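# Descriptive analysis of the structure
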Amino acid sequence: MSFDLVLRNARLAGAGGAPSSEGRRVDIGIDDGRIAALAPGLATSAEALDLAGRLVSPGLVETHLHLDKTCILERCRAEDGTLEEAVREVAAAKKGFTVEDVYARGQRTLERAILQGTTHIRTHVEIDPVIGFTGLDGIRQLARDYGWAVDSEICVFPQEGLLNYPGTEERLVQALNQGVKVLGAAPYCDTDPRGQIDRIFALAREFDVDIDMHLDLGSTPDEMHTEYVCDKTAEYGWGGRVAIGHVTRLSTVERSRFDAIARRLADAGVAVTVLPGTDLYLTGRQHEHSVPRGVVPAHRLLGAGVNCTIATNNVLNPFTPYGDASLIRQANLYANVCQVSRKSDLAECLAMITTRAARLMRLADYGIAVGKSADLVVLDCATEDAAIAELAVPLYVFKRGRRTVTRAPAELHRP
Ligand SMILES: [Zn+2]
C-alpha cells in the first residue's frame, strides 16, 4: 500500500474504554491529506513515525475563542474582576484597535492554540458602530493566513448590545451578507434581553446561519433566559444549530429545576459551552466567602442528552487575565472544579474538546476514520482519561496530513 506517512503503534481516542492491552495499537496510514487506512502492522515502505503506544486524538476543537480582543491586558484596568468592568474596559480599548493590531494580537493566541493541538476554531468577533469591521477584517485575514494549520469559523456578535445600540444590527447584517456563518448574542447587554434573542433568531432564519449566544451570566438563578432560548429554538426548528455559552446562573439552580432545564435543552437541541477560566474568574465577585464557582456541571447535562463543549473564551484580557489557549488545560480545570472522578467521565472531558465540539460546529469531515481529513494530535499519554488528568502534552499535530507542530518530550538529566 502507498501512503504519504504512517503513524505506527497509535492508541486511538474514541476507541472505547481504557486501551491498556497491546492489541489495541494500530497504524494510521495517511494519503493525500486523508486517513487512508487504520490497521495494525500496515505493510508499506512509506515514511513512518513510531508513536510507541501514545494516544492519537482527532484535532482539538475550540468552539468559543475571542481572537479580536485577546492580549490587551496592558491596555486595560482589570481589578474588580466583574463582567461590567470587563465589558467597559474592552469597549474603551476597542477604540484604539486597528486591523494590523487585531491581526498581531490574534496571531499570538492563534499560534498558541495551534501549538496546543487545536485544528478547528469558532472565533467570536465583535461588531458595533465604533469597531465597525476592524476586528472582522483582521480576523478574516488571520484565518486565511493560518488555514494550513487550523480551520476557523467566525461568529459575529453585538458585545455592547443590539437593541440599545443603534447601527449595530445594520453592521451585523452586512457581515452576514458577506458570508459569515454564525451569529452570536449578548442579551444581558440590552435592557430587553428577550428582544435581543428574538431579533437574533429572526436574523438567523433570514440568513440561514447558526446561533452561538453568551447567555445567563451571573451568580444567582434569577432572570434566566435559557428556557426561552429553548422555546425559540423549537419554534424556529433550529435544533442542533444553537449553542449557549457560560450559563453560569444554571450552576446555581437547585437540582430538580436543573434537571428540568436539562431536559428542555436536550429536547430543543441546544448545546451548552462551559468556559471554566472565565466563569471562575468573573462569577460571584460580590461574595466575601463561599464564592459560587459558576461552572456548569456539564456531565449532568450530558446525562440528560445535551451536547456540551469546554472552551477557552478569552486569553489575557479583563474577562480572563490568564491563559495559554490550551483546551486540555481548560478541560482539566473543569474536571477539578466539577469534581469529575470516574475514568469514563474524564474521557468525556476529552470528547467535549474534540468530538462533541465538532458536533456543535457541525463539522462533517472530522474524526478518526478512513476517508476523514487527517487532522490529528498525538498526546504524550496512553488513555483518554490520562490526557485530561495528567494534562498530556501534544507532541505532534497534523492538519490535512501535514505535520504542523512537533514538541520534543522534556528530558531529565540525571547526575
Ligand atoms: Zn465569549
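Quick look at the overall build of the chain now. In terms of regular secondary structure, the chain is built from 13 helices and 16 strands. Computed over its C-alpha atoms, the radius of gyration of the chain comes to 21 Å, within 12% of the 22 Å expected for a compact globule of 415 residues. Overall, the chain is about 65 × 55 × 50 Å in size when its C-alpha atoms are taken along their principal axes. Residue burial in the chain is summarised as follows: out of 415 residues, 60% are buried. Once the 46 positive and 55 negative side-chain charges of the chain are each reduced to a mean point, those two points are 3 Å apart.

Turning our eyes to something else, we now look at the side chain of Lys 94. Positionally, Lys 94 belongs in helix 1 (residues 83-94). Lys 94 gets classed as buried once you look at its relative accessible area, which sits at 3%. Filtering out sequence-adjacent residues up to four positions away, Lys 94 remains in contact with Glu 126, Asp 128, Ile 131 and Glu 160.

With that settled, consider the coordination of the zinc ion. Every protein donor of the zinc ion is listed here as His 64 (NE2), His 66 (NE2), His 214 (NE2) and Asn 313 (OD1), and their distances to the metal cover 2.0 to 2.2 Å. Within one chain, the residues donating to the zinc ion are spaced in sequence as H-x1-H-x147-H-x98-N. On the basis of relative accessibility, which here comes to 0%, the residue His 64 falls in the buried class.

Attention now moves to unusual backbone geometry. Even without being a glycine, Asn 313 presents a positive backbone phi close to 70 degrees. Despite not being glycine, Arg 400 has its phi angle at roughly 45 degrees, a positive value. Considering the arrangement of structural elements, one finds Arg 400 in the loop between strand 15 (394-399) and strand 16 (402-406).

Given two aromatic rings, their pairing is described by the distance between the two centres and the angle made by the two planes. Counted by the stated rule, this structure contains 3 aromatic pairs. Centroid distance Tyr 146 to Trp 148: 5.7 Å. Interplanar angle 35 degrees. Geometry classified as tilted. Using a relative accessible area of 40% as the deciding quantity, one classes Trp 148 as partly exposed. Arranged with centres 5.7 Å apart and planes meeting at 85 degrees, the rings of Tyr 281 and Tyr 322 form a pair that is edge-to-face. Separated by 41 residues along the polypeptide, Tyr 281 in helix 8 (residues 276-282) and Tyr 322 in the loop between strand 13 (308-310) and helix 10 (327-337) bring together distant segments of the chain. Its guanidinium or amino end placed over the ring of Tyr 281, Arg 285 lies 4.5 Å from that ring's centre, counting from NZ or CZ.

A few words now on helix 2 (residues 99-115). With 17 residues, helix 2 extends 24 Å between its outermost C-alpha atoms, agreeing within 8% with the 24 Å of an ideal straight helix rising 1.5 Å per residue. Among the residues of helix 2, Asp 101, Val 102, Tyr 103, Arg 105, Gly 106, Thr 109, Leu 110, Ala 113 and Ile 114 are the ones counted as buried. In this structure, the buried side of helix 2 is in contact with strand 6 (60-65), strand 7 (118-126), helix 3 (134-145), strand 15 and strand 16.

Next up on the list: the pattern of salt bridges. Tallying each qualifying case throughout the model produces 30 salt bridges. Between Lys 399 and Asp 151 there is a salt bridge, and its shortest N-O distance comes to 2.9 Å. Pair noted here: Lys 399 is in strand 15 and Asp 151 is in strand 8 (residues 151-157), with a separation of 248 residues, a long-range link. On the accessibility criterion, Lys 399 (1% relative accessible area) is buried. Ionic contacts of the salt-bridge type, sharing partners, join the residues Lys 69, Lys 94, Glu 126, Asp 128 and Glu 160 into one network.

Turning to its location among the elements, Thr 191 is positioned in the loop between strand 9 (182-185) and helix 5 (193-207). Taking the C-alpha atoms as reference, Thr 191 lies 9.8 Å from Leu 162; in sequence the two are 29 residues apart. In terms of polar contacts, Thr 191 uses its side chain to reach the side chain of Asn 164, at 3.2 Å.

Low-pLDDT stretches of the model should not have their predicted coordinates read in fine detail. Per-residue pLDDT for the chain averages 96, and the proportion of residues at 70 or more is 98%. Counted against residues more than four places away or in other chains, residues 17-23, with its pLDDT under 50, gives 9 contacts.

As a packed pair, helix 6 (residues 226-236) and helix 7 (residues 255-268) sit with axes 9 Å apart at the nearest point and diverge in direction by 25 degrees. Considered as vectors, helix 6 and helix 7 are oriented roughly parallel to each other. Two packed elements cross with a definite hand, and for helix 6 against helix 7 that hand is left-handed. Mapping the contact onto sequence places Thr 226, Glu 227, Cys 230, Asp 231 and Thr 233 in helix 6 and Arg 257, Ile 261, Arg 264, Leu 265 and Ala 268 in helix 7. By residue class, the composition of the contact of helix 6 with helix 7 is 4 nonpolar, 2 polar and 4 charged.

Here we take up helix 3. With 12 residues, helix 3 should cover 16 Å at 1.5 Å per step; its first-to-last C-alpha distance of 17 Å lies within 8% of that length. The secondary structure elements touched by the buried residues of helix 3 are helix 2, strand 7, strand 8 and helix 4 (168-177).

The subject of this paragraph is the sheet that holds strand 10 (residues 210-215). An order of 6-7-8-9-10-11-12-13 is seen for the 8 strands of this open sheet, with the pairing classed as parallel. Each edge of the open sheet carries a strand with a single partner, namely strand 6 and strand 13. Along the sheet, successive strands turn relative to each other by an average axial angle of 25 degrees, direction set aside. For strand 9 and strand 10, the ladder comprises 4 bridges, and the chain directions are parallel. Bridge pairing links Leu 183 to Ile 211 in strand 10.

Where helix 2 contacts helix 3, the two axes come as close as 8 Å, and the packing angle between them is 45 degrees. Taken together, the axis directions place helix 2 and helix 3 in an arrangement best described as oblique. The way helix 2 lies across helix 3 gives a crossing that is right-handed. Two secondary-structure elements touch here, helix 2 through Val 99, Val 102, Tyr 103, Gly 106, Gln 107 and Leu 110 and helix 3 through Thr 134, Gly 135, Asp 137, Gly 138, Ile 139, Gln 141, Leu 142 and Asp 145.

Criteria and cut-off values
Residues numbered from 1 in each chain as written. Predicted model: local features only at pLDDT ≥ 70, side-chain atom pairs only at ≥ 80, totals over all residues. Heavy atoms only, no water. Helix = DSSP H or I, 4+ residues; strand = E, 2+ residues; numbered from the N terminus. Rg over C-alpha atoms; globule rule 2.2 N^0.38 Å. Buried < 20%, exposed > 50% of the residue type's maximum accessible area, 1.4 Å probe, protein only. Lys, Arg positive; Asp, Glu negative; His and termini not counted. Charge placed at Lys NZ, Arg CZ, Asp CG, Glu CD. Contact = heavy atoms within 4.5 Å. Donors = N, O, S within 2.8 Å, 3.2 Å for Na, K, Ca; no water. Phe/Tyr/Trp six-rings, centres within 6.5 Å; stacked < 30°, edge-to-face > 60°. Lys NZ or Arg CZ within 6 Å of the ring centre and 35° of its normal. Expected span 1.5 Å × (residues − 1). Salt bridge = Lys/Arg side-chain N within 4 Å of Asp/Glu carboxyl O. Polar contact = N/O pair within 3.5 Å; in protein donor to acceptor, adjacent residues only side chain to side chain. pLDDT = per-residue confidence, 0-100. Axes fitted to C-alpha atoms, helices over the stretch in contact; angles between N-to-C directions. Parallel < 35°, antiparallel > 145°, perpendicular 65-115°, else oblique. Left-handed = near helix turned anticlockwise from the far one by under 90°. Nonpolar A, V, L, I, M, F, W, Y, C, P; charged D, E, K, R; others polar. Pairing = 2+ DSSP bridges.

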